Amino acid sequence: RGDVAAWVKPSRFDRGYWQAGFDLLDADYLPYLADTLVHETAHLLTLNTSQILPDDDHFHDYDEKEQEFSDCEQFAFGGNCSLPNSYINLFYQRFWKDSYAEWREFDQDAQDADTADEYFEVMEPFYDKYVQSFLNPYAATNIEEDMAESFAFFGLHPKPSGNWIYEQKIAFYYEFPELVQYRQQIIAGLCSYIRQ
């Protein structure tokens, strides 16, 4: 409903598990479906409990003045502190830390939007300012979507050879042998599916 192609979220019953939903009935364009599947997989890889430990006793909020997360030296997602070597923390430290406070100002203004179009309209100046940093406007909406958009490109396209920041974000994933192996599995699976 509402033109949502897919989503992921932690299970309401067990935070160690995640749920994924895909609109397969409207997914008749296979390249878009493949991109969506890989994009949502990126969320599962970067936000799960091996990356960010749930902590009911502490909420690590972002301190605007100090420009850091309270009681957490890493990136905090949903109030939970990520692990130091988690994909999301390493991505944040390299690509988002210097602009995160500015992004938050835009995002807080955009939260009052009634529609997705209004939200993107408020976020547009942030994207325009950092256009070389993002694969597309959707990637500029938050770090999670930036990681997922970059991962989808990583999984489905050749390695970029340029030096734009958005290309560096895609190349980031090549630093992890387990993700390079996973990329090979994605490609092999898609090729096998297409042959059928």
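For the structure, check the block above.
If you're wondering where the values come from, they're calculated on a predicted model, not measured in any experiment.

A. Main features of the state of the cysteines. Within the structure shown, the criterion is met by one disulfide. One disulfide in the model links Cys 72 with Cys 81; its S-S distance is 1.9 Å. Taking the torsion about the sulfur-sulfur bond, which here is approximately 80 degrees, the covalent link between Cys 72 and Cys 81 counts as right-handed. Here Cys 72 and Cys 81 have matching classes, each one buried.

B. Representation of helix H5 (residues 143-156) in the model. When the terminal C-alpha atoms of H5 are compared, their 20 Å separation across 14 residues agrees well with the 20 Å that a helix rising 1.5 Å per residue should span. Burial analysis of H5 places 12 of its 14 residues in the buried class, which makes it a mostly covered element. Along H5, the residues classified as buried are Ile 143, Glu 144, Glu 145, Asp 146, Met 147, Ala 148, Glu 149, Ser 150, Phe 151, Ala 152, Phe 154 and Gly 155. Two to three positions downstream of the cap, the backbone nitrogen of Glu 144 sits 3.1 Å from a side-chain oxygen, assigning the N-cap of H5 to Asn 142.

C. Summary view of the environment of Phe 77. On the secondary structure map, Phe 77 appears in strand E5 (residues 76-77). Phe 77 sits in the partly exposed class, given a relative accessible area of 24%. Here the alpha-carbon distance between Phe 77 and Pro 160, two residues 83 residues apart in the chain, equals 28 Å. With sequence-adjacent residues up to four places away left out, Phe 77 is seen in contact with Leu 47, Ile 52 and Glu 144.

D. Looking closely at the pattern of salt bridges. Under the defined criterion, the tally for this structure stands at four salt bridges. Across the pair Glu 64 and Arg 104 runs a salt bridge whose closest N-O atoms are separated by 3.0 Å. Remark: Arg 104 occurs in helix H3 (residues 100-110) and Glu 64 occurs in the loop between strand E3 (62-63) and strand E4 (68-69); sequence separation between them is 40 residues. Take Glu 64: its relative accessible area is 34%, and that puts it in the partly exposed class.

E. The packing of helix H2 (residues 87-96) against helix H6 (residues 165-172), seen in detail. Closest axis-to-axis distance for the H2/H6 pair is 11 Å, and the angle between their directions is 160 degrees. By the angle class used here, H2 and H6 are roughly antiparallel. Where H2 crosses over H6, the two elements pack in a sense that is right-handed. For the pair H2 and H6, contact is made by Tyr 87, Leu 90, Phe 91, Arg 94, Phe 95 and Trp 96 and by Ile 165, Gln 168, Lys 169 and Phe 172, respectively. Here the residues of the contact of H2 with H6 sort into seven nonpolar, one polar and two charged.

F. Region of interest: the packing of aromatic side chains. This model, assessed by the stated rule, comprises 30 aromatic pairs. Where Phe 154 meets Tyr 174, the ring centres are 4.8 Å apart and the plane angle is 85 degrees; that geometry is what we call edge-to-face. Of this pair, Phe 154 sits in helix H5 while Tyr 174 sits in the loop between H6 and helix H7 (177-195), placing them 20 residues apart in sequence. Overall, the relative accessible area of 0% leaves Phe 154 in the buried class. Taking the centre distance of 6.3 Å and the plane angle of 40 degrees together, the rings of Trp 164 and Tyr 166 count as tilted. For Tyr 166, a relative accessible area of 25% puts it in the partly exposed group. Three or more aromatic residues link up through ring pairs in this structure, and these residues are Tyr 62, Phe 69, Phe 75, Tyr 92, Trp 96, Tyr 100, Trp 103, Phe 106, Phe 126, Tyr 130 and Phe 134. Lying over the aromatic face of Trp 7, Lys 9 brings its terminal NZ or CZ to 4.9 Å of the ring centre. Sitting over the face of the ring of Phe 154, Arg 183 holds its NZ or CZ atom 5.9 Å from the ring centroid.

The rules behind each value
Residues numbered from 1 in each chain as written. Predicted model: local features only at pLDDT ≥ 70, side-chain atom pairs only at ≥ 80, totals over all residues. Heavy atoms only, no water. Disulfide = S-S within 2.5 Å. Buried < 20%, exposed > 50% of the residue type's maximum accessible area, 1.4 Å probe, protein only. Helix = DSSP H or I, 4+ residues; strand = E, 2+ residues; numbered from the N terminus. Expected span 1.5 Å × (residues − 1). Polar contact = N/O pair within 3.5 Å; in protein donor to acceptor, adjacent residues only side chain to side chain. Contact = heavy atoms within 4.5 Å. Salt bridge = Lys/Arg side-chain N within 4 Å of Asp/Glu carboxyl O. Axes fitted to C-alpha atoms, helices over the stretch in contact; angles between N-to-C directions. Parallel < 35°, antiparallel > 145°, perpendicular 65-115°, else oblique. Left-handed = near helix turned anticlockwise from the far one by under 90°. Nonpolar A, V, L, I, M, F, W, Y, C, P; charged D, E, K, R; others polar. Phe/Tyr/Trp six-rings, centres within 6.5 Å; stacked < 30°, edge-to-face > 60°. Lys NZ or Arg CZ within 6 Å of the ring centre and 35° of its normal.

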